There are 2 protein chains.
Amino acid sequence: MEKEMPYKVYLTEEEMPRYWYNVKAHMKSKHGPFLNPVNGKPCTKKDLQAVFCDECVEQELNETDELIEIPREIRDFYRMFRPSPLVRAYFLERALDTPAQIYYKFEGNNTSGSHKLNSAAAQAYYAKKQGLKSVTTETGAGQWGTALSMACAFYGLGLDVYMVKVSAEQKPHRREVMRTYGANVVASPSDTTEAGRKILAEFPGTGGSLGCAISEAVEKARSTPSCRYVLGSVLDHVLLHQSVIGLECKTALEKYGITPDVIIGCCGGGSNFGGLIAPFMGERLEGGNNIEFIGVEPASCPTLTKGRYAYDFCDSAKITPMAQMYTLGCGFMPSPNHAGGLRYHGMSPVISRLYHDGYIRAVSAEQSKVFDAAVMFAKCEGILPAPESSHAIKAAIDAALECKENGQSKKILFGLTGTGYFDMSAYKQYNDKTMADFIPTDADLAKGFATIPNCEANKNNR
Amino acid sequence: MEKEMPYKVYLTEEEMPRYWYNVKAHMKSKHGPFLNPVNGKPCTKKDLQAVFCDECVEQELNETDELIEIPREIRDFYRMFRPSPLVRAYFLERALDTPAQIYYKFEGNNTSGSHKLNSAAAQAYYAKKQGLKSVTTETGAGQWGTALSMACAFYGLGLDVYMVKVSAEQKPHRREVMRTYGANVVASPSDTTEAGRKILAEFPGTGGSLGCAISEAVEKARSTPSCRYVLGSVLDHVLLHQSVIGLECKTALEKYGITPDVIIGCCGGGSNFGGLIAPFMGERLEGGNNIEFIGVEPASCPTLTKGRYAYDFCDSAKITPMAQMYTLGCGFMPSPNHAGGLRYHGMSPVISRLYHDGYIRAVSAEQSKVFDAAVMFAKCEGILPAPESSHAIKAAIDAALECKENGQSKKILFGLTGTGYFDMSAYKQYNDKTMADFIPTDADLAKGFATIPNCEANKNNR
């Protein structure tokens, strides 16, 4: 039976998940394997282990086990910042005067300011367990870099973070948090790698991109002994780690007999959305529910809504394996939207496949509208949201207003991935009314699509 | 019987306090009344109501009721960001290799980043209930101003925040958070008030001080219709509101049969420390426990450890009532320590009295040592602390190391009042190793003491 939820629900430590949820075990059609960029053939486990930690590769390739145990050491780390609260947005509902019920899972109550710590904790632990000395990564908005800095400080691992230059300049304070946790932060493109030097030569004034920072981080990891590269989104094992979000949600909702009608998440690389929906989607794929899943992306980087389903590189220098996913082309240059974490040309292969197969709906939102929603939310619910997360808020408000129009009392659940404390220059633009919206033209899109590799796999696909 | 605590304890909504705790009801010797700055006589209720909200004045003057009910509307607001977690610092204990048990109450999980929201919620509610249109206040580090902005946005009240100029310049992002919540932020001293203009004329290059910002905010409130001034610390009713911290702590600890041996808090105006210790101190004053209470202040602004117990003004322009408290003199100019929230010349009259009567021990700490403790804590416990809160961390670590030396397994509880996300320029100085320590010389102190008023009350007191 359904019960009225308190404003916030925290699980007890005993109720916290002991297993991650692997949604792939329930997918009848799965995405294709990574392809080796040199010969176009499926990557072997060994290919992947040259770049990623062994255990992460195992998880990446696991398509059969629904549950994968969370090691005790990682569960200990999780106890530092989890459980995260599931909140009933009573005050937002009141302000919207909607018959809908709005719930959100808030992942921002930790120093990284987002859900990213869920996977950082796991990946740093596995790197340490494997005997590595250091890891490398890239960061856009800075949340992933901060999360990984925290995890590396905790486990005693070295860390080089390639931070997209425009973010590093806009957010010197983010960089300082990472430094405080002991990370070495390099603005990308940099002259510390071949990939960086090449991009600098071609585009001397560039502010960088996630794709370019990935190229640098991968190159650095490959050229450093006892070092691997770790990625904060996109990959299947990252979505796996993020499934703690959805699992905690599901347990909390079930305590009150609540099944959501709609689940909404913002989509950059897809890890937060993938983690939030994982156990609900697994159930859906087996016919156990009829939930509507909505991914929200910025209109300036419309990977799902305007991209193509194809094999593409995960980085702009084309040194990573090719993944089957929705993509705007690895050479797509996103406009300077403030949601740095959503400015990625590709999308999680798992999310892409589910979207391709019709299990997910995608919408896009312009940033000025997103900030309208963010400020309304902040004033009602007392949390200043990250620009990324505010995409989900915007869609949740839209859904709640639609309910008001139709007199429906749907239960809307969305992922509030993080806080906007390091995004105040974006809020300043909004407060000063100088914020602009950027939408790529057909020509911009065509330029991006032209960079999708013309490989065998893509030929067969057309 | 004592039980091992999980890493974190959250009370349920049912367990949350319904009453604030008024420690004055248990104090045999109480501090003297406020004195009218014009005639030196005790302030009447009417005097105080000209500046503060009526209900806050009632609470300020209440010396007899142990419990004061928290209105439902304020408890609703509290549910947005409370309960706050009580944490067992297992990882810090392990890093220190100490037999001591360390607990902390973390008040930073809200957008204001600190405990300040506990009183902001109450004061904004009472202002609204009284039919006021707006309120004014001052802010140093910015946490109080942010908290009040959030509360005023929620209740629909106008707000002018006088922000100490040096903070406004160091922390433009703090200012932007307040603006996002709709507050009008003015760097102080400003030319919008007589007090500000006077100080600017005397000290043209000054970075301002809390005392000066208070003068401006009080003047502005007095000259605006349907407006009152609200203060974020020092006063008895603010300590009363902050008692939710101590009450939640006590309930949580009692569930596990734990009585702390030592309770530590940082001391600026005294509201966090006063709120944390309130119910424990009330018990102590009745002979119910033997807890050691330690207040920690910066060596650069050593109000308790080097100040005088006297009547003094709460502001530097000498327009507020005089309070009986420990003070460095209302004209004391604190050095540019990064713990902006602790740079106040005076101290809560309640804390001052308890200290004067020997129930509290006070220590001071230099900021470089405080940041050593902060960074160690951040790496172990995953929370980047505010410079203010880090004073308590420093003292807790010292106490735990003393236990290690003596083989004692004391239970140490400290208040982690907030996060340092808006203090990254301070952390940058620390990371760059350019942080300096400032300790006032005897001459600096003498200059401050010379500004303590030479009123009748102080003459009788010597």
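Cut-offs applied
- Residues numbered from 1 in each chain as written.
- Chains lettered and ligands numbered in written order.
- Predicted model: local features only at pLDDT ≥ 70, side-chain atom pairs only at ≥ 80, totals over all residues.
- Heavy atoms only, no water.
- Helix = DSSP H or I, 4+ residues; strand = E, 2+ residues; numbered from the N terminus.
- Rg over C-alpha atoms; globule rule 2.2 N^0.38 Å.
- Buried < 20%, exposed > 50% of the residue type's maximum accessible area, 1.4 Å probe, protein only.
- Contact = heavy atoms within 4.5 Å.
- Areas by Shrake-Rupley, 256 points an atom, 1.4 Å probe, with all protein chains shown as cover.
- Lys, Arg positive; Asp, Glu negative; His and termini not counted.
- Charge placed at Lys NZ, Arg CZ, Asp CG, Glu CD.
- Expected span 1.5 Å × (residues − 1).
- Pairing = 2+ DSSP bridges.
- Least-squares fit on C-alpha atoms with pLDDT ≥ 70 in both.
- Axes fitted to C-alpha atoms, helices over the stretch in contact; angles between N-to-C directions.
- Salt bridge = Lys/Arg side-chain N within 4 Å of Asp/Glu carboxyl O.
- Parallel < 35°, antiparallel > 145°, perpendicular 65-115°, else oblique.
- Phe/Tyr/Trp six-rings, centres within 6.5 Å; stacked < 30°, edge-to-face > 60°.
- Buried area = accessible area lost by both parts, 1.4 Å probe.
- Polar contact = N/O pair within 3.5 Å; in protein donor to acceptor, adjacent residues only side chain to side chain.
- Nonpolar A, V, L, I, M, F, W, Y, C, P; charged D, E, K, R; others polar.
- 1 Å grid on protein atoms, 1.4 Å probe; cavity = no way out; pocket = protein on both sides within 12 Å on 5 of 7 lines; lining within 4 Å.
- Points joined across faces, edges and corners; volume = space filled by probe spheres on them.
- Core = buried A, V, L, I, M, F, W, Y, C linked by side-chain atoms within 4.5 Å.
- Right-handed = clockwise from strand over helix to strand, strands pointing away.

S.K.: What should I look at first to understand the overall build of chain A in this one?
M.R.: Helix and strand counts for chain A stand at 19 helices and 15 strands. In terms of overall dimensions, chain A is globule-like: its C-alpha atoms have a radius of gyration of 20 Å, near the 23 Å expected for 462 residues. Once the C-alpha set of chain A is aligned to its principal axes, its extents read approximately 55 × 50 × 50 Å. In chain A, which comprises 462 residues, the proportion classed as buried is 67%. For chain A, the share of sequence-separated contacts (at least 6 apart) that also reach a separation of at least 24 residues comes to 77%. Summing over all exposed atoms, chain A offers an accessible surface of approximately 15,600 Å²; the carbon and sulfur share of this is 49%. The distance from the centre of the 50 positive side-chain charges to the centre of the 52 negative ones in chain A is 2 Å.

S.K.: What is the right way to read the environment of A:Arg284 from this model?
M.R.: Along the chain, A:Arg284 turns up in helix α12 (residues 271–285). Residues within four places of A:Arg284 in sequence aside, it is in contact with A:Asn289, A:Asn290, A:Ile291, A:Phe293 and A:Tyr359.

S.K.: What exactly am I supposed to notice about helix α16 (residues 387–406) of chain B here?
M.R.: The periodicity of an α-helix, 3.6 residues per turn, causes residues three or four places apart in sequence to face the same way. All names here are of chain B. The terminal C-alpha atoms of α16, which comprises 20 residues, lie 29 Å apart, in line with the 28 Å expected from a rise of 1.5 Å per residue. Among the 20 residues that make up α16, 14 are buried, leaving the element largely enclosed by the rest of the structure. Of the residues flanking the end of α16, it is Gly-407, one or two places downstream, whose phi is positive at about 65 degrees.

S.K.: Looking at this structure, how should I read the pairing of strand β5 (residues 101–106) of chain B?
M.R.: Taken residue by residue, a regular strand's side chains alternate between the two faces of the sheet. Residues and elements named next belong to chain B. In terms of residue burial, β5 counts as a mostly covered element, since six of its six residues are buried. Of the two faces of β5, both are covered, the one formed by Gln-101, Tyr-103 and Lys-105 as well as the one formed by Ile-102, Tyr-104 and Phe-106. Note: strand β4 (residues 86–88) against β5, three bridges, orientation antiparallel. When the bridges of β5 are listed, Val-87 appears paired with Tyr-104. As judged from the six bridges shared by β5 and strand β15 (residues 411–416), these two strands associate in the parallel manner. Looking at β15, one finds that Gln-101 is bridged to Lys-411.

S.K.: Before we go on, may I ask you to explain the relation of the copies chain B and chain A in this structure?
M.R.: Two copies of the chain are present, and they differ by a rotation about an axis and a shift along that axis. Expressed as a screw operation, the relation of chain B to chain A combines 0.0 Å of axial shift with a rotation of 180 degrees, fitting to an RMSD of 0.0 Å. The transformation just described matches what one would write down for a two-fold rotation axis. Among all C-alpha atoms of chain B, that of B:Asn109 lies closest to the rotation axis, at 3.0 Å.

S.K.: How should I be thinking about the sheet that holds strand β8 (residues 184–188) of chain B in this particular structure?
M.R.: Through backbone hydrogen bonds, the strands of a sheet pair up, either in parallel or in antiparallel fashion. All names here are of chain B. Here four strands make up an open sheet; going across it, the order is β8-β7-β6-β9 and the pairing parallel. With partners counted over all chains shown, the strands left at the sheet margins are β8 and β9 (227–229), one partner each. The mean angle between the axes of side-by-side strands here comes to 20 degrees, regardless of whether they run parallel or antiparallel. The sheet contact formed by strand β6 (residues 134–139) and strand β7 (residues 158–164) spans six bridges and is parallel.

S.K.: Just checking my understanding: could you explain the pattern of salt bridges for this structure?
M.R.: Here the idea is simple: oppositely charged side chains can pair when their charged atoms come close. Evaluated as defined, the whole model comprises 44 salt bridges over all chains. The shortest N-O distance in the salt bridge between A:Lys24 and A:Asp236 comes to 2.8 Å. Placement of the pair is A:Lys24 in the loop between β2 (19–21) and α1 (45–49) and A:Asp236 in helix α11 (residues 236–255), with a sequence separation of 212 residues. Residue classification places A:Lys24 among the buried residues on the basis of a relative accessible area of 3%. A salt bridge links B:Glu286 to B:Lys28; its shortest N-O distance comes to 4.0 Å. Within this pair, whereas B:Glu286 is found in the loop between α12 (271–285) and β11 (292–298), its partner B:Lys28 is found in the loop between β2 (19–21) and α1 (45–49), the two being separated by 258 residues in sequence. One network of salt bridges, with partners in common, ties together A:Glu13, A:Arg72, A:Glu73, A:Asp76 and A:Arg79.

S.K.: Where do I start with the sheet that holds strand β14 (residues 361–365) of chain B in this structure?
M.R.: Residues and elements named next belong to chain B. Within the open sheet, the seven strands sit side by side as β1-β4-β5-β15-β10-β11-β14. Their pairing is mixed. Two strands close off the open sheet at either side, each with one partner strand: β1 (8–9) and β14. Most of the contacts of helix α11 (residues 236–255) go to β5, to which it runs at about 135 degrees, and overall it touches β1, β4, β5 and β15.

S.K.: Just checking my understanding: could you explain the packing of helix α2 (residues 54–61) of chain B against α11(B) for this structure?
M.R.: The packing of two helices is summarised by the inter-axis angle and the distance between the axes. Residues and elements named next belong to chain B. Where α2 contacts α11, the axes come no closer than 8 Å and their chain directions differ by 90 degrees. If you check the angle between α2 and α11, you find them roughly perpendicular. Here α2 contributes Cys-56, Gln-59 and Glu-60 to the contact with α11, which in turn contributes Asp-236, His-237, Leu-240 and His-241.

S.K.: Hey, could you run me through the packing of aromatic side chains in this one?
M.R.: Each aromatic ring pair is described using two quantities: the centre-to-centre distance and the angle formed by the ring planes. Residue and element names in this part refer to chain A. Inspection of every chain in the model, using the stated rule, returns 40 aromatic pairs over all chains. Geometrically, the ring pair formed by Tyr-309 and Tyr-326 is tilted, given 5.1 Å between the ring centres and 35 degrees between the ring planes. With Tyr-309 in strand β12 (residues 308–313) and Tyr-326 in strand β13 (residues 322–327), the pair connects residues that are 17 residues apart, well separated along the chain. A relative accessible area of 12% places Tyr-309 in the buried class. Ring centres of Phe-371 and Tyr-427 lie 5.1 Å apart, and the angle between their planes is 70 degrees; this geometry places the pair in the edge-to-face category.

S.K.: Would you mind showing me how to read the interface of chain B and chain A here?
M.R.: Many authors give the size of an interface as the accessible area that is lost as the parts come together. Listed as interface residues are 42 residues of chain B and, on the opposing side, 42 residues of chain A. Summed over both partners, the interface of chain B with chain A comes to about 3,900 Å²; 58% of that surface belongs to carbon and sulfur atoms. The tally of links between chain B and chain A comes to two salt bridges. A:Arg179 is the salt-bridge partner of B:Asp432, the closest N and O atoms lying 2.8 Å from each other. Taken together, the connections running from chain B to chain A amount to 22 residue pairs in polar contact (both at pLDDT 80 or more). Looking at the side of chain B that touches chain A residue by residue, the class counts come to 21 nonpolar, nine polar and 12 charged.

S.K.: Could you clarify how one ought to interpret the layout of surface pockets in this entry?
M.R.: Unoccupied space between atoms shows up once a probe the size of one water molecule is rolled over them. Residues and elements named next belong to chain B. Approximately 640 Å³ is the volume found for the largest pocket. Forming the boundary of the largest pocket are 26 residues, of which Phe-203, Cys-330, Gly-331, Phe-332 and Met-333 lie nearest the centre. For the lining of the largest pocket, the secondary structure elements donating two or more residues are α9 (194–202), α10 (210–222) and α18 (442–449). Classifying every residue of the lining of the largest pocket by side-chain character gives 12 nonpolar, seven polar and seven charged.

S.K.: What is the right way to look at the side chain of A:Lys171 in this model?
M.R.: Residues and elements named next belong to chain A. Note on placement: Lys-171 falls in the loop between α7 (165–170) and α8 (172–180). Lys-171 gets classed as buried once you look at its relative accessible area, which sits at 8%. Reaching out from Lys-171, the side chain makes a polar contact with the backbone oxygen of Ala-141 at a distance of 3.2 Å. Engagement of the side chain of Lys-171 in a polar contact is seen with the side chain of Asp-423, the distance being 2.7 Å. Lys-171 has contacts with Ala-141, Met-163, Phe-422 and Asp-423, leaving out every residue within four places of it along the chain.

S.K.: Explain unusual backbone geometry here, please?
M.R.: Comment: phi is negative for the bulk of residues other than glycine, and the bulk of peptide bonds are trans. For the bond running from A:Arg82 to A:Pro83, omega is 0 degrees, close enough to zero to count as cis. By the secondary structure assignment, A:Pro83 is in the loop between α3 (72–81) and β4 (86–88).

S.K.: I'm lost on the nonpolar core in this one. Help?
M.R.: Counting residues in hydrophobic clusters, the biggest one holds 171 residues, and the most contacted among them are A:Ile264 and B:Ile264. Dropping the residues within four chain positions of it, B:Ile264 is found in contact with B:Phe273, B:Leu276, B:Ile294, B:Val296, B:Ala392, B:Ala395, B:Ala396, B:Ala399, B:Ile412, B:Leu413, B:Phe414 and B:Gly415.

S.K.: Honestly, the pairing of β11(B) in this entry has me stumped. Any pointers?
M.R.: All names here are of chain B. Taking burial as the measure, the seven residues of β11 include six buried ones, the bulk of the element. Bridging between strand β10 (residues 262–266) and β11 involves five bridges; their strand directions are parallel. Paired with Ile-263 across the two strands is Phe-293, which belongs to β11. Chirality of the crossover, the property in question, places the unit of β10, α12 and β11 among those that are right-handed. With five bridges joining them, β11 and β14 adopt parallel strand pairing. Among the inter-strand pairings, Gly-295 is bridged to a residue of β14, identified as Ala-362.

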